[in-house]
Structures are given as structure tokens and as C-alpha cells.
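Structural description and commentary
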Amino acid sequence: MPDRRVLNAVKGSLFDVLMTRALLAANREPDSMVQQQPNEVVERVFRRYSHELVGLDSNGISRSQVKVTSIKTDKWVGDTVEELPGQAVTVRIPFTGSKELLQYGLLAYSALKPTVSDDSAVELTIQSQGRLTASTINSRVAEFISDVSGCVTKANADAAQFNAQLRSALRSKVYDRKDLLDDTADLDAALTIPLTSIATQARVEVPVQRKIVRVQESKSSSSPTEPHVSRQIYEDVIRTLSSFGRAMERLPDTARGLGEEAIRDLALFVLNANYEGAATGEAFNGAGKTDILLNYQNRSAFIGEFKFWGGPKAFSSAINQLCSYTTWRDTKAALILLVKDVRATTAIEGADQAIRSHPQFREARPSDRPMERRDYVLTSNTDSERLISVALLPVVIPDPRSKVVEIPGATPIAASFPSPPSAVDVRRVWPDVIARVSRNSKRIAAVYRDGVINSVEGDVLVVSFRSAVISSLAADHPQPVVDALYEELGVRFAVTCQVVPRSSQDS
């Protein structure tokens, strides 16, 4: 049997120490992530610190050649141990999973005490003074397989118990922290005492004296002199838009009621209050005109577009629009990504992938705050040598009253999907989704029971109805369906309702 102190030390480092590290890691997660996506935080930390169970491939067993070797005896000859000639063979069983977990299992439960190699195999050397026989080797191999299999079973059971305790402890830690953050926000909102003025860098100011936008001239071998906003002013405009976005995130109840045009107009108000001179902020509407335009001599020097996340296809169209507006080399631009009723990380990562897969994508620049800003370089529509600097600025506007409800012990079906669920996948579970909705609201379930799954575009689920009245009722109450879809598929869709005439829907 192994030294009990050694075994306790190994077990402690494998389970107790790892639990402590995991809980500390959960405490270091950003407050915004804990408040908006607690389940994502739990799963991310769990994946990092849980044990991968060991799998033993007994069918892949192999051996070395039988060799003549020297085998030590229990006798001493002078000051050395006597050695006699004998035979030895090494047997190997491949394994998958955690090497540390397997080593713990062998130390705790094995009678043979085999070793674990660096190339994912368990090894046992069978040796004998004199000569080995085939029957002896086969008997020891059978004993070896049985011994290691038993160790793996027991070690996996210990790890499974630890993994279950880890997930439970993380969920408790993260949701306790979320409750504290939510209660703090509610308390802060309930107080009537005026707030102390915040630091200058965190404000969205309306200054007494507006800044003058300096537009520089750059020479191009293939075109006339071209205007571009200076890097310093560009960064200042981006900071202003970012501060505007953070202010919207702090007032989700107000921001959720605003459409794309209303948000754009508010941003233009802030920009026009901050900047004057050769470039001004101006609102444009209609095809071919951008949301934010800083002009210089009737040419665009900075362009900005506001877009709600509506899936990869819709966002790719937004990139196409932006590229069509930016026709001059060194033009600076921004895409303000508005995220509502969609998981924030899904939208942000989806937008990132849409930009990277765009045919005019040139490069992505490193970002130390990828959830607040990402920077890219795209090429112009008219000349691949002309480059456009594009900043992606996510603005997350959650529903403060919406909470994700988890079923204890349930595993999201999404883990079985190699890619996001399709419309076919949603149709397959739709009866179960309606059943879940019915448990909380039979009225809403009855409304959506008449719906037909039309399509899935990224995180947007399109549901068709034959009646405009029913479609309107469904659009007013999407949250129970959003929650039920998450419980069934592990994906938080945004639900869009549309009216399709009977003849069109039946065809």
C-alpha cells in the first residue's frame, strides 16, 4: 500500500486544491459577465478545472520484445546486490483523459503499481529470473488489465463526484455573486441622493467649447489628395461613442425601448455637442447613406454605422454597406453593434467571424478589451491597396428582469451539435418547447402552438403565423419561448414573428 501521507497529498492537490483554485477563478470573472451571463461563467470555469475522465483502450494493448536482462535478488554480495540473468517484457495499454487522474488512481488502488508514460500509456514490466513462459506472461497481462481497469473505474468515480461538487459550488458562488451585484444595482437605483460626479474619462460630456476636428491630407500615387481624420481625433471619437454605449448599458430599461434610428440620433446629438469645424456630425436616412458622417470638403472622413445583431447574414450585409460608404484611403470607420435579446458573447463573436470571413478583410489588430472594442483593417471596394480602419464597438442592452433558469443536473442538448442548431433541429424539439412554455403560461403556449418555424439565421429564430393578430400577440411575449429554447437546446435565440398568408405557408 502507498504511504498514506503521500496519497492524501496527491488527492488533496487533485481535488481540494483544484476546487479552491476554481472558486478563486470564478471570483476573478468580470462583474458584467457574472450579471449578464452567469451560466457561461460557470461553464467556462468548470471546463478549465474539472477532470477529464480516463478511458482505457484494452484492445490497443501492445508489448515490447522479450529481452534478456539482469534481475536483482534479495542477496548482497559485499556491498552490492546480487543480480542474476533473466527475461523481461514490457506491456502497454493506451489511455485517454487526465494523466494526473490516472496516476492518482494507480497510486490509490493498484496492487501492481504500473507506471504512466509520457505518450499516454500505462506500462507494466513482467520479468523473471531464469525463463518466462507464454502462459505466465498471459496470466500476468490478464491481471494487469484487471488491475488497471479497476483503478480507472474507481478514479473516474472519484473524479465524477468531484466534478459534480465543482459545478454545484461554482453555480452557488457565481449566482451568490450575481445576486449581490443585482441587489447592489437595485439599491443604488432606489436611492434618491444625487450621485457624485464621475471621473472625466467616464463621462459622455456636452462641453461648453466644442472640439475642432482636424482633417489631414495624405498623398496617394493613384488618386488626388484624400482627406482622413487624424488618429488622435479618431480615437477621441471612438472613446466618445464607447462612453455613449456604456451609458446606454447602465440604463437598459430606457435603452431597450429605442430603435436603431433613435439610438443613432442620440449619438449624433452627443457628437455634434462635442465636435465642430471642418467635420460635423450629420444624420442621413435611406439607401446609400450612413448613420454617422464626419465631412470634410464634401467628402467623408469618418463613418459610423449602428446595427442590431440579427445573425451573421444580416451583419455581413452591414459590412457591405459600410464598405460601400468608405471610398477613400485611410478613411476611419466604426460599426456599433447593438445586442438585445441575444447572448452577448454569441453576437460579439459572431460579428467578429463575419468580419474575418468578409472578402475585404485584411487583418485584425490585437485588443486588450475584446468585449468592448475590436479593430480591423478592410480594403476599399474600388482598390485593394486602399485600407479602411474599422472599430467594432459592442453595446449590450439586456432585459434586467430576465433570468436564465437552469434545471439542476440537466445537460444542454447543444453540446451534441457540431454547429449551431438549424431550423430542422428547432422543429424537432418544438413540441417540447411548447410543453415547457405551457407549464408557466398556457395562454402564451396556445399562441405559439399556431406558429411554424420558418428559419434560423444565426441567433435569430423566425416564427411564421397565418394571423396578424396572433403574430402580434406572440411578438409581445417572446421571453417564455426564449427560455424554453435555451433549456432544450442550450442556445438563447432572439425570436422574430412574421405573418405568412395561408397559401404561402402551405406551399
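For the structure itself, look to the data block above.
First, a word on what this report is: a plain description of the structure on this page. Everything quoted here is computed from the prediction, not taken from an experiment. (Residues numbered from 1 in each chain as written. Predicted model: local features only at pLDDT ≥ 70, side-chain atom pairs only at ≥ 80, totals over all residues. Heavy atoms only, no water.)

We now examine the overall build of the protein chain. A count of helices and strands for the protein chain gives 15 helices and 19 strands. Here the protein chain holds 507 residues, and the buried ones make up 43% of them. For the protein chain, restricting intrachain contacts to residue pairs at least 6 apart in sequence, the fraction spanning at least 24 positions comes to 67%. A total of about 26800 Å² of accessible surface is found on the protein chain, and carbon and sulfur atoms cover 52% of it. (Helix = DSSP H or I, 4+ residues; strand = E, 2+ residues; numbered from the N terminus. Buried < 20%, exposed > 50% of the residue type's maximum accessible area, 1.4 Å probe, protein only. Contact = heavy atoms within 4.5 Å. Areas by Shrake-Rupley, 256 points an atom, 1.4 Å probe, with all protein chains shown as cover.)

The N-to-C vectors of helix α9 (residues 312–325) and helix α10 (residues 344–356) enclose an angle of 55°; their axes lie 9 Å apart at closest approach. Looking at the two axes, α9 sits oblique to α10. Note on packing geometry: the crossing formed by α9 with α10 is right-handed. In this structure, α9 uses Pro312, Phe315, Ser316 and Ile319 to contact α10, whose residues at the interface are Ala351, Ala354 and Ile355. Each residue belonging to the contact of α9 with α10 can be placed in one class, and the counts come to six nonpolar, one polar and no charged. (Axes fitted to C-alpha atoms, helices over the stretch in contact; angles between N-to-C directions. Parallel < 35°, antiparallel > 145°, perpendicular 65-115°, else oblique. Left-handed = near helix turned anticlockwise from the far one by under 90°. Nonpolar A, V, L, I, M, F, W, Y, C, P; charged D, E, K, R; others polar.)

Take the pairing of strand β15 (residues 374–379) next. Where burial is concerned, most of β15 is hidden: six out of the six residues are buried. Every second residue of β15 is oriented toward a common face, with Arg374, Tyr376 and Leu378 on one face and Asp375, Val377 and Thr379 on the other, all of them buried. Where strand β14 (residues 361–365) meets β15, four bridges bridge the pair, whose relative direction is antiparallel. Following the sheet pairing, Ala364 is matched in β15 by Tyr376. Both β15 and strand β16 (residues 387–396) contribute to a ladder of six bridges, which runs antiparallel. Its bridge partner being in β16, Asp375 is matched across the sheet by Ala391. (Pairing = 2+ DSSP bridges.)

Moving on to the sheet that holds strand β18 (residues 460–465). Taken in spatial order, the three strands of this open sheet run β17-β18-β19, and their pairing is mixed. For this open sheet the edge positions go to β17 (452–457) and β19 (494–499), each flanked by a neighbour on one side alone. Put simply, the sheet's adjacent strands are angled 25° from each other on average, direction ignored. Those strands touched by helix α11 (residues 423–440) are β17 and β18, and its axis lies near 145° from that of β17.

Ranked by internal contacts, the top residues of the largest apolar core, which has 43 residues, are Leu101, Leu102, Phe144, Leu166 and Leu170. The set of elements that each furnish at least two residues to this core consists of α1 (4–28), α2 (31–36), α3 (38–49), β4 (80–96), α4 (99–109), β6 (121–129) and α5 (134–190). Considering every element that reaches this core, the biggest residue donor is α5, with 13 residues. If near-sequence neighbours (up to four positions away) are discounted, Leu166 is found in contact with Met19, Ala22, Phe46, Tyr49 and Ser50. (Core = buried A, V, L, I, M, F, W, Y, C linked by side-chain atoms within 4.5 Å.)

Applying the stated criterion across every chain, the model contains 17 salt bridges. Here Arg239 ties to Asp236 by a salt bridge, and the two come within 3.5 Å at their closest N and O atoms. With Arg239 and Asp236 both in helix α6 (residues 231–250) and three residues apart, this pair spans about one turn of that helix. A relative accessible area of 13% means that Asp236 is categorised as buried. Between Asp352 and Arg374 there is a salt bridge; the shortest N-O distance is 3.4 Å. In this pair, Asp352 sits in helix α10 while Arg374 sits in strand β15, placing the two residues 22 residues apart along the sequence. On the basis of relative accessibility, which here comes to 3%, the residue Asp352 falls in the buried class. Accessibility expressed as a relative area gives 9% for Arg374, which makes it buried. Because the salt bridges share partners, they merge into one network encompassing Glu349, Asp352, Arg356 and Arg374. (Salt bridge = Lys/Arg side-chain N within 4 Å of Asp/Glu carboxyl O.)

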